[in-house]
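# Inside the fold
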Amino acid sequence: MASVFRAGTRLRSAARLPAARSLSTTASLRASEKPYFPNEPTAPSVSGAIPGPKNQAAAAELDEVFDVRSLNMLTDYNQSVGNYIADLDGNKLLDVYAQIASIPVGYNNPHLKEVATTPEMTSALINRPALGNFPSSEWAHILKTGVLRAAPKGLDQVFTAMAGSDANETAYKAAFMYYRQMQRGGPEVEFTEEELLSTMNNAGPGSPQLSILSFKSAFHGRLFGSLSTTRSKAIHKLDIPAFDWPQATFPQLKYPLEDHVQENAAEEQRCLAEVEQLIKEFHNPVAAVMVEPIQSEGGDNHASPAFFQGLRDITKRTNVLFIVDEVQTGVVLGPRPLEPVLPPDMVTFSKKAQTAGYYYGNPALRPNKPYRQFNTWMGDPARALIFRGIINEVERLGLVENTRITGDYLYGGLERLAEKYPQHFQNLRGKNQGTFIAWDTPKRDQLVAKAKSFGINIGGSGASAVRLRPMLVFQKHHADILLEKLEQIIQAV
């Protein structure tokens, strides 16, 4: 089952499909493709300005008790279906952003509805266990038949968590405890009295000055520890005390990749050399290197499999743990350039998994004593059951193959748009990586804002990137609609 969630390598190695024949939707194409959601709209529908009067009134009411300044749109989930998100004014938008890369198999998925109404789900919801102390007798079965089926090869254990930031922070804790454990000589070596006393004063040696190395433009969450590895936007970090941790340069590749092979290889080697130098010389010893397979919020920055293999080689040589953050890129859409790489030490997940945690394989990554990696909930069995349902849908509907086929088709259409509108489609990237596609445009903010009036929910990242994060049930007929609408939006901005 793990291969279902290793789509990236399979997407790369699969044969390319013929280029799409037209940017417009065709009846023959629709007839040849069986939709996953027969009841979803055949096209977006927008009846007026967005937000409309009902959405504006509801947002004003919500603002009385809840901060709405980051509001995208209030959603009518009863009317949302498949790839289409509905608002309170009856508008239905093709959602090619999956909210925040977090909706995996469509709105109101029938199979997930069935999962939600099982006695197993009812028990998980009304008897929510404090998992570290009172897990249900079914917890091992739930993990083995669900969460662990998506684990990377070689990583057969999991620590479950509440959200992506939580998953990353607990992975950092595991890395620090492992690092100090190895320094002491192994898990059987007891803590010294000095360590026990000093840590209560936030001082060494009990609270050592260690670090996690992350990359410029990285995003690893907004909680206190994860913020020290997040480097995407200043607004996330302002006024929050931060750890003195190093950052390395993530490769800045040139596109098309086939036209810049030598330059890109040199850029990646430069970045790898910087990583190794920081590990060896940074004043706070590096316990782990943390990296995203694609820097999502930081601008959809890509790197080659050779770069990630280089990171794995460096961390092996320097006895530093290698952690991969798949919170945004996991669950099929993740390009996973790490498949040919020796397994990372830990892989964190959340978003489309609808639950969170980190996978690991080395038993020494379990702390040597109980309660060192612990909180009340330690995850949520109800969300783990939903993740199992998502896995079942991926298998039943063949969504890995669908993502490959649709991604190739969509990329071909975007290439033709880029030829026609080169000023609006710069650095098109994501070829052979499913629907994990992005490009840069000088009018990014205008494009994203204008898209809603054309029935498209789309997003951006970094300073100028438009990024696609459609659901796994996004098909070629949806791609046709998106391509047609993008051309109209470009002509309007």
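Residues numbered from 1 in each chain as written. Predicted model: local features only at pLDDT ≥ 70, side-chain atom pairs only at ≥ 80, totals over all residues. Heavy atoms only, no water.

In this section: the overall build of the protein. Per the secondary structure count, the protein includes 16 helices and 14 strands. Here the C-alpha atoms of the protein give a radius of gyration of 23 Å, agreeing with the 23 Å that 2.2 N^0.38 yields for 493 residues. Seen through its C-alpha atoms, the protein measures out along the principal axes to roughly 75 × 60 × 45 Å. Counting over 493 residues, the protein shows a buried share of 55%. Summing over all exposed atoms, the protein offers an accessible surface of approximately 21,500 Å²; the carbon and sulfur share of this is 54%. Each charge sign in the protein was given a centre, from 51 positive and 51 negative side chains, and these centres are 3 Å apart. (Helix = DSSP H or I, 4+ residues; strand = E, 2+ residues; numbered from the N terminus. Rg over C-alpha atoms; globule rule 2.2 N^0.38 Å. Buried < 20%, exposed > 50% of the residue type's maximum accessible area, 1.4 Å probe, protein only. Areas by Shrake-Rupley, 256 points an atom, 1.4 Å probe, with all protein chains shown as cover. Lys, Arg positive; Asp, Glu negative; His and termini not counted. Charge placed at Lys NZ, Arg CZ, Asp CG, Glu CD.)

Turning our eyes to something else, we now look at the nonpolar core. Core analysis: the largest hydrophobic core is formed by 84 residues, its most contacted members being Phe 215, Phe 307, Leu 311, Met 346, Tyr 359 and Phe 387. Take this core: its biggest share by element is 9 residues, from helix H13 (residues 381-397). (Core = buried A, V, L, I, M, F, W, Y, C linked by side-chain atoms within 4.5 Å.)

Another point: the sheet that holds strand E11 (residues 438-440). The strand order across the open sheet formed by 4 strands is E10-E11-E14-E13, and the pairing between neighbours is antiparallel. Two strands in the sheet have a free side with no partner beyond their single neighbour: strand E10 (426-429) and strand E13 (459-461). Adjacent strand axes in the sheet meet at a mean angle of 25°, parallel and antiparallel pairs treated alike. The sheet contact formed by E10 and E11 spans 2 bridges and is antiparallel. Paired with Arg 429 across the strands is Ala 438, a residue of E11. (Pairing = 2+ DSSP bridges. Axes fitted to C-alpha atoms, helices over the stretch in contact; angles between N-to-C directions.)

If you trace the 3 strands from one edge of the open sheet to the other, you get E1-E2-E12, paired in mixed fashion. Each having just a single partner strand, strand E1 (84-86) and strand E12 (456-457) make up the two edges of the open sheet. Relative to strand E2 (residues 92-95), E1 runs antiparallel, the two being bridged by 3 bridges. Looking across to E2, one finds that Ile 85 is bridged to Leu 93.

Of the two faces of strand E8 (residues 346-349), both are covered, the one formed by Met 346 and Thr 348 as well as the one formed by Val 347 and Phe 349. As paired strands, strand E7 (residues 321-325) and E8 are joined by 3 bridges and run parallel to one another. Bridge pairing in E8 places Ile 323 opposite Met 346. Pairing analysis gives 4 bridges linking E8 to strand E9 (residues 356-360), with the strands arranged antiparallel.

Time to look at unusual backbone geometry. Residue Pro 51 follows Ile 50 across a cis peptide bond; omega there is 5°. Geometrically, the link from Gly 204 to Pro 205 is a cis peptide bond, its omega value of 5° lying close to zero. Along the polypeptide, Pro 205 turns up in the loop between helix H9 (193-199) and strand E4 (211-215). One non-glycine residue, Asn 108, lies in the positive phi region at around 55°. Here Asn 108 lies in the loop between helix H4 (98-101) and helix H5 (110-116). Using a relative accessible area of 31% as the deciding quantity, one classes Asn 108 as partly exposed.

Glancing now at the side chain of Glu 33. Topologically, Glu 33 is positioned in the loop between helix H2 (27-32) and helix H3 (53-63). One buried charge, Glu 33, has no salt-bridge partner; the nearest side chain with opposite charge is Lys 476, at 5.6 Å. At a separation of 2.9 Å, a polar atom in the side chain of Glu 33 contacts the main-chain amide nitrogen of Lys 476. Side-chain polar atoms of Glu 33 contact the side chain of His 477, separated by 2.5 Å. The residues touching Glu 33, leaving out its near neighbours within four places in the chain, are Gln 475, Lys 476 and His 477. (Salt bridge = Lys/Arg side-chain N within 4 Å of Asp/Glu carboxyl O. Polar contact = N/O pair within 3.5 Å; in protein donor to acceptor, adjacent residues only side chain to side chain. Contact = heavy atoms within 4.5 Å.)

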